[in-house]
Amino acid sequence: MPIQQAKSLPALYDDVKGYDLVLVPDAPLASALSRQLDRPHLGTFATTPRRLAAGRREQVEERTAFLELLHKTDLSWKQAAYLGEEIIHCWEYTAQPDGILEYDQFDNAAVEQAVEHVRHLDTTSRYLTDHEIDETTDLAVIGYPQLTELERSILPSDYDTVDRFTDGKFDQPPFSLFDTSADIINAILSTIDEQTADEVAIVLDAGSEFSPLIESALDAADIPFYGGPGFLDEPDHRAFLQLLRIAFRGNDVRVSDVQPVLQHVGREVDTDHEEKRLHRLDAPEGDWLIDWCNSVEAGDLTFETALEEYEALLDDTELRAFHEELETLGLASQTVTEARVDDLAFYLQSYEVPIDRENEGVLLADAKSATHVDRPLVFYIGLDDDWTRTPPRRPWVDRETEFDRHLRQFQLLLQNGASQYYLIRDTVGGSPVTPCLYFEELLEESYSRFADLSTERYITQESPSEKPFEAESRPVSATELTTISQSSLSTYVNSPRDYFFDRIVDSPDKDYFREGNLFHEFAEFYVHHPDAVSAEDIDDLAELMVAEMEPFVRDIDERVHRTRYRAGLQNIISFLDRHAPDSDQLAINSRRREENAFAEHFDRAVGADISEQWFDNEDLGAKGKIDLVASSHRLVDYKSGSKKSATQVVKNSSIDDISDTPNFQAILYLAHQRTKHPNEQLEFVFVHFLENLDDIVQGSANLDDTLTTVQYYPIPYVEYIASEETYEQLRDEGSNDCQKTLSKSSYEDYAAVFEDSDFPATRDRDELIESEFGRVFTSKMKDVVGDYKYVENGCKQAMRDLMRIRNRNYFEDELDAFEEFIRERLQELNARRAGEGRFPIADLVDEPNYRRVNHRDLLLEDGR
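Residues numbered from 1 in each chain as written. Predicted model: local features only at pLDDT ≥ 70, side-chain atom pairs only at ≥ 80, totals over all residues. Heavy atoms only, no water.

## Quick word on the overall build of the chain
Of regular secondary structure, the chain possesses 35 helices and 22 strands. Relative to its length of 864 residues, the chain is extended, with a C-alpha radius of gyration of 38 Å against a globular reference of 29 Å. Taking the principal axes of its C-alpha atoms as reference, the chain extends roughly 125 × 65 × 65 Å. Counting every position in the chain, which comprises 864 residues, the buried fraction comes to 49%. For the chain, the share of sequence-separated contacts (at least 6 apart) that also reach a separation of at least 24 residues comes to 72%. Of the roughly 42,600 Å² of accessible surface on the chain, a fraction of 42% belongs to carbon and sulfur atoms. The average position of the 86 basic charges and that of the 176 acidic charges among the side chains of the chain differ by 4 Å. (Helix = DSSP H or I, 4+ residues; strand = E, 2+ residues; numbered from the N terminus. Rg over C-alpha atoms; globule rule 2.2 N^0.38 Å. Buried < 20%, exposed > 50% of the residue type's maximum accessible area, 1.4 Å probe, protein only. Contact = heavy atoms within 4.5 Å. Areas by Shrake-Rupley, 256 points an atom, 1.4 Å probe, with all protein chains shown as cover. Lys, Arg positive; Asp, Glu negative; His and termini not counted. Charge placed at Lys NZ, Arg CZ, Asp CG, Glu CD.)

Shown next as structure tokens:
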């Protein structure tokens with residue numbers, strides 16, 4: 001069935017202008033018809049059955065019934081709400097105040113008592129039940145199928161009905177397709193100003209994301225509107241309810257969870273503390289909230305006094321409406337408890353508390369309740385499956401009839417105004433948007449998404465006049481960066497834009513950062529004072545770490561963390577005992593600026609010598625902090641994360657084939673160290689001090705399981721593997737067939753292969769074996785040793801070992817290339833900082849590893 005053409009307002013008026021009284025299903029249509037009157041008329045012309053019976057605007061009857069049952073019965077808040085709503089709803093559909101008692105599940109004494117309370121209340125349902133229209137009234141009824149049984153019960157025996165539809169078909173406008181919600185909002189705002197606001201209506205699902213977006217956008221643009229936010233949507237009201245709930249969230253609530261309330265009252269805590277537990281916060285800005293929670297938990301506050309204290313936080317703002325609502329509910333003098341706060345929250349979320357509104361400006365209409373919108377220009381936003389109204393599953397409701405009623409309302413709703421605009425999105429988060437179910441009944445074409453229907457893609461254009469800050473912009477010279485850290489380089493390679501946001505967006509302290517810093521502080525202390533720590537001290541030091549981590553760690557997790565801390569401390573001690581640096585390098589007479597919890601605990605100083613060594617190498621373009629310079633040729637870094645093998649370390653630092661987990665720490669630090677010791681073989685040791693936690697608990701730990709060592713050789717790779725040293729290593733330590741083959745040849749035979757063919761630029765062993773070099777190597781060994789199967793296999797084993805050497809170590813040519821890579825990135829980064837181009841989401845990789853980005857919500861796709 002197509003969308004039926006609705007009669008225009010003038011056409012409807014022509015159909016009914018001769019009647020004494022006109023009844024319609026909804027109040028906006030009644031008001032619009034009454035404004036069409038072109039002759040004197042005594043009394044009411046067009047109205048709804050409810051307004052006619054009650055002589056007033058419709059009230060929220062469910063709320064009235066709830067309050068009556070709450071105060072006059074022993075029902076709980078939720079029971080009172082449930083029964084009140086069911087009684088009113090059944091009354092609406094059966095026209096009988098006690099109609100609900102005819103259904104077995106409701107035929108009991110509690111419901112009967114509730115019915116007796118509700119049926120005598122001052123509600124429009126009661127007025128409708130008692131009202132009768134005089135039989136002599138010349139009556140017309142518009143939209144009779146939309147009326148409920150209770151509304152129909154007041155009709156006399158003789159009246160005329162007027163259909164709201166014609167026999168024609170509605171010429172539906174095309175759907176305007178947008179990429180994002182923001183584009184839809186911007187398109188609407190570009191057509192509205194304060195002078196034209198009264199001519200515009202916006203129809204949307206009140207529970208959708210569009211509702212707060214359009215309200216805040218109109219508010220920011222100083223465009224008046226009404227029909228939007230309710231009592232609980234008021235920021236002061238919502239924040240007070242959240243403040244009450246905070247007191248009952250326990251000791252593990254995080255600052256980030258309560259930051260919206262803190263910001264609302266102007267007492268926000270610094271971003272650094274957001275990951276910490278509120279009740280263990282080491283920042284004085286949060287003391288008042290902790291005191292508030294303690295007062296509530298101790299039962300020192302009533303709802304009235306709590307609201308007064310909250311008002312004082314808002315610079316003595318008076319929330320008179322909230323005070324009145326607390327009195328209405330009987331909560332004002334009650335002590336604040338968790339159960340009562342839950343009841344208050346349930347009430348505010350269940351009922352729309354009446355508030356005074358100024359009916360001017362843009363009209364915001366709810367797609368699930370409105371039918372007639374009396375504005376010339378109407379925007380319809382979304383039109384998705386959330387617009388579908390689900391018929392209630394109640395025994396007195398015929399679901400098929402209810403669906404038909406909703407379908408008729410939907411058809412009428414789509415045709416309001418002289419101009420209609422349907423603004424929709426085809427996809428959200430990569431998933432297609434399902435159009436409203438009613439289109440399936442109305443449109444003559446099949447579809448599964450909006451793109452299957454008649455659509456026009458709409459691209460928002462931004463004119464120069466819409467850039468208010470452009471005229472004030474002034475060129476600013478960016479400070480040129482001369483060095484970059486390994487972590488910043490890794491972030492930049494993964495996503496330049498994520499790196500950019502790292503520079504301008506504050507991030508909170510993380511528990512793993514603080515925990516890692518504590519282990520580093522202990523390692524720094526133990527390097528200087530191994531004699532100060534005995535085996536008996538481990539438990540005390542673990543307790544010290546627990547105390548330091550208290551703002552982050554839940555009480556229930558303390559035992560687990562204590563075990564982790566003991567294991568980590570034991571591993572660090574074992575490593576430093578085995579690999580103690582030269583004591584002559586230590587300087588312990590001067591205290592460093594940085595705090596060290598363990599130095600303070602033992603009241604001893606640590607020096608700025610070989611541990612926690614900062615470097616800023618402008619010639620290289622790199623900076624960083626080395627955990628331990630164990631010797632001129634050995635650097636050490638402590639890691640709390642999972643162990644990586646030497647192969648993984650080298651792979652993650654590759655600049656030829658960028659890893660999806662880039663990490664340049666080892667190669668960057670070795671590049672710096674070789675500038676100080678250019679012709680020495682160097683090594684980088686990772687100590688993964690939590691890797692063998694299970695083994696420590698079981699008493700079978702091996703320190704070697706925590707170590708990963710990567711070597712640097714001050715010689716190009718091919719020159720290294722062509723050396724006699726590598727030949728002897730393969731001959732003496734290689735696999736069986738490799739040893740057997742090379743032992744029957746000479747180094748000269750081995751070296752000749754490198755002279756006769758070029759070694760390929762690959763890190764893949766199969767590619768090496770199948771390359772020209774691989775064929776020459778195998779052929780040469782067969783000529784020298786013999787054409788045996790073990791010779792061919794021995795050559796393959798030798799080449800696999802050559803690849804292992806390449807993939808587990810660094811060589812001179814690799815560090816040379818990496819240094820050039822740093823220079824290129826710095827040049828590129830400085831150009832972007834100077835405004836010569838945007839920081840792209842991805843550059844050196846096809847797509848960032850989004851698991852490793854810090855600001856995923858800020859990385860907008862599609863070139864934005």
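## Structural notes on empty space enclosed by the protein
Scanning all chains against the criterion turns up one cavity of 30 Å³ or more. The volume enclosed by the largest cavity comes to roughly 60 Å³. Considering every element that reaches the lining of the largest cavity, the biggest residue donor is helix α17 (residues 399–413), with four residues. For the lining of the largest cavity, the per-class residue count stands at six nonpolar, two polar and one charged. (1 Å grid on protein atoms, 1.4 Å probe; cavity = no way out; pocket = protein on both sides within 12 Å on 5 of 7 lines; lining within 4 Å. Points joined across faces, edges and corners; volume = space filled by probe spheres on them. Nonpolar A, V, L, I, M, F, W, Y, C, P; charged D, E, K, R; others polar.)

## Some details on the sheet that holds strand β12 (residues 419–425)
With respect to topology, seven strands assemble into an open sheet ordered β9-β10-β8-β11-β12-β7-β15, the strand pairing being parallel. Since the sheet does not close on itself, it has two edges, and those belong to β9 (225–226) and β15 (455–457), each with one partner. As paired elements, strand β7 (residues 175–178) and β15 share three bridges and run parallel to each other. The residue bridging Leu177 from the neighbouring strand is Arg457, located in β15. Each of β7, β8 (200–204), β11 (377–381) and β12 is contacted by helix α9 (residues 181–189), which is oriented at about 160 degrees to β12, the strand it contacts most. (Pairing = 2+ DSSP bridges. Axes fitted to C-alpha atoms, helices over the stretch in contact; angles between N-to-C directions.)

## Topic: the sheet that holds strand β2 (residues 21–23)
In spatial order, the strands read β3-β2-β4-β5; together these four strands make up an open sheet with parallel pairing. One side of each edge strand has no neighbouring strand; the edge strands of this open sheet are β3 (46–47) and β5 (160–162). Inspection of the sheet shows strand β4 (residues 139–142) paired to β5 by three bridges, in the parallel sense. Paired with Ala140 across the strands is Asp160, a residue of β5.

## Brief notes about helix α35 (residues 812–833)
The end-to-end C-alpha distance of α35 is 32 Å, a good match for the 32 Å that 22 residues give at a rise of 1.5 Å each. What α35 keeps buried is the set Glu814, Leu815, Phe818, Glu819, Phe821, Ile822, Arg825, Leu826, Glu828, Leu829, Asn830 and Arg832. At the exit of α35 stands Gly835, carrying a positive phi of roughly 95 degrees. (Expected span 1.5 Å × (residues − 1).)

## Looking at the packing of aromatic side chains
For the structure on display, the rule yields 51 aromatic pairs. Seen in terms of ring centroids, Tyr720 and Phe811 are 5.4 Å apart; in terms of plane orientation they differ by 50 degrees. Their pairing is tilted. Placement of Tyr720 in helix α28 (residues 717–721) and of Phe811 in strand β22 (residues 809–811) is noted, with a sequence separation of 91 residues between them. For Phe811, a relative accessible area of 0% gives the class buried. (Phe/Tyr/Trp six-rings, centres within 6.5 Å; stacked < 30°, edge-to-face > 60°.)

## Some words on the packing of helix α5 (residues 77–94) against helix α16 (residues 338–350)
It is at 10 Å that the axes of α5 and α16 come closest, and there the two elements cross at 20 degrees. Taken together, the axes of α5 and α16 are roughly parallel relative to one another. Contacts between α5 and α16 involve Trp77, Lys78 and Ala81 from the first element and Asp343, Leu344, Phe346 and Tyr347 from the second. Grouping the amino acids of the contact of α5 with α16 by side-chain chemistry returns five nonpolar, no polar and two charged. (Parallel < 35°, antiparallel > 145°, perpendicular 65-115°, else oblique.)

## Brief notes about a nonpolar patch on the surface
Together, Phe500, Ile504, Val505 and Leu858 give the surface a local cluster of nonpolar side chains, amounting to about 290 Å² of exposed area. In this structure, Phe500 sits in helix α20 (residues 496–504). (Patch = residues over 30% accessible without salt bridge, like charges linked within 9 Å, V, L, I, M, F, W, Y side chains within 5 Å. Salt bridge = Lys/Arg side-chain N within 4 Å of Asp/Glu carboxyl O.)

## Thoughts on the nonpolar core
Grouped together as the largest cluster of nonpolar side chains are 83 residues, with contacts concentrated most on Phe66, Leu289, Trp292 and Leu344. Here this core gets nine residues from one element, more than from any other, and that element is α5. Setting aside residues up to four positions removed in sequence, Phe66 forms contacts with Trp77, Ala80, Ala81, Leu329, Tyr347 and Tyr351. Among the nonpolar cores identified, the runner-up in size contains 75 residues, and Tyr492, Leu541, Ala542 and Phe575 belong to it. (Core = buried A, V, L, I, M, F, W, Y, C linked by side-chain atoms within 4.5 Å.)

## Thoughts on the environment of Lys644
Its location among the elements puts Lys644 in the loop between β19 (634–639) and α25 (646–652). A relative accessible area of 36% means that Lys644 is categorised as partly exposed. In this structure the C-alpha to C-alpha distance between Lys644 and Leu314, which are 330 residues apart in sequence, comes to 53 Å. Beyond its immediate sequence surroundings of up to four residues, Lys644 is in contact with Val649, His688 and Thr708.

## Points about the side chain of Glu828
Relative to the helices and strands, Glu828 is located in helix α35. Here Arg825 takes part through its side chain, which lies 3.2 Å from a polar atom of the side chain of Glu828. (Polar contact = N/O pair within 3.5 Å; in protein donor to acceptor, adjacent residues only side chain to side chain.)

## Details of the side chain of Glu215
Examined against the element boundaries, Glu215 turns out to sit in helix α10 (residues 210–220). Here the side chain of Glu215 touches Ser211 through a polar contact of 3.0 Å, side chain to side chain. When neighbours within four sequence positions are excluded, Glu215 is seen to be in contact with Phe225, Gly228, Pro229 and Leu364.

## Points about the environment of Val200
Along the polypeptide, Val200 turns up in strand β8. By relative accessible area, which is 2% here, Val200 ends up buried. Non-local contacts of Val200, meaning those with residues more than four positions away in its chain, are made with Ile192, Gly361, Val362, Leu363, Arg375, Leu377 and Phe379.

## Quick notes on the pairing of β4
The alternating pattern of β4 places Leu139 and Val141 on one face and Ala140 and Ile142 on the opposite face, and all of these are buried. Bridge count for β2 against β4 is three bridges, and the pairing is parallel. When the sheet's bridge partners are listed, Val22 is paired in β4 with Ala140.

## A word on the pattern of salt bridges
Tallying each qualifying case throughout the model produces 48 salt bridges. For Glu814, the salt bridge identified is with Arg763, shortest N-O distance 2.1 Å. Within this pair, whereas Glu814 is found in helix α35, its partner Arg763 is found in the loop between α31 (747–756) and α32 (765–770), the two being separated by 51 residues in sequence. Because the salt bridges share partners, they merge into one network encompassing Glu824, Arg825, Glu828, Arg832 and Asp843.

## A word on the state of the cysteines
This structure, assessed with the given rule, holds zero disulfides. A disulfide-free cysteine, Cys738 has its sulfur positioned 8.2 Å from the sulfur of Cys795, the nearest such atom. (Disulfide = S-S within 2.5 Å.)

As far as function goes, none of this settles anything; it's purely spatial.
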